[in-house]
Amino acid sequence: MPDKPVKVFSLSTCSHCKSTKRFLDECTVKYEFVDVDLLDGDERKAILADVKKFNPRCSFPTVIIGDNVIVGYKEDKIKEALGL
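Definitions and limits used
- Residues numbered from 1 in each chain as written.
- Predicted model: local features only at pLDDT ≥ 70, side-chain atom pairs only at ≥ 80, totals over all residues.
- Heavy atoms only, no water.
- Salt bridge = Lys/Arg side-chain N within 4 Å of Asp/Glu carboxyl O.
- Helix = DSSP H or I, 4+ residues; strand = E, 2+ residues; numbered from the N terminus.
- Buried < 20%, exposed > 50% of the residue type's maximum accessible area, 1.4 Å probe, protein only.
- Contact = heavy atoms within 4.5 Å.

J.: Tell me what's going on with the pattern of salt bridges, and back it up with residues and numbers.
T.: Once their charged atoms are close, side chains differing in charge can pair, the charge on each being opposite to the other. Using the criterion set out here, one finds three salt bridges in the structure. The partner of Lys 7 in a salt bridge is Glu 32, and the shortest N-O contact between them spans 3.6 Å. Taken together, the residues Lys 7 in strand β1 (residues 6–10) and Glu 32 in strand β2 (residues 32–35) connect sequence positions 25 residues apart. Its relative accessible area of 52% is what places Glu 32 among the exposed residues.

J.: So what's going on with the side chain of Thr 20? Residues and values would help.
T.: Tracing the chain through its elements places Thr 20 in helix α1 (residues 15–26). According to the relative accessible area criterion, Thr 20 is buried, its value standing at 0%. When sequence neighbours within four positions are dropped, the list of residues in contact with Thr 20 reads Pro 61, Val 63, Gly 72, Tyr 73 and Ile 78.

So this is what it looks like as structure tokens:
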């Protein structure tokens, strides 16, 4: 398993976000995630600014795997970025 850092920006109520996290769990991939809708105030603004750097449309899920940015639930692209 490659040692690329994996970060998921998601919404707690988003079905595509839940599917993405479930898929990563099934592949036993270690990842960090932030449910942006559960944040408040300055913390939320800071995270949204980060998301916009990777995904100007600020849509979810936004998955960062190493240098790859994957927007949406795309199993094939996630597998490819992870080298699975």
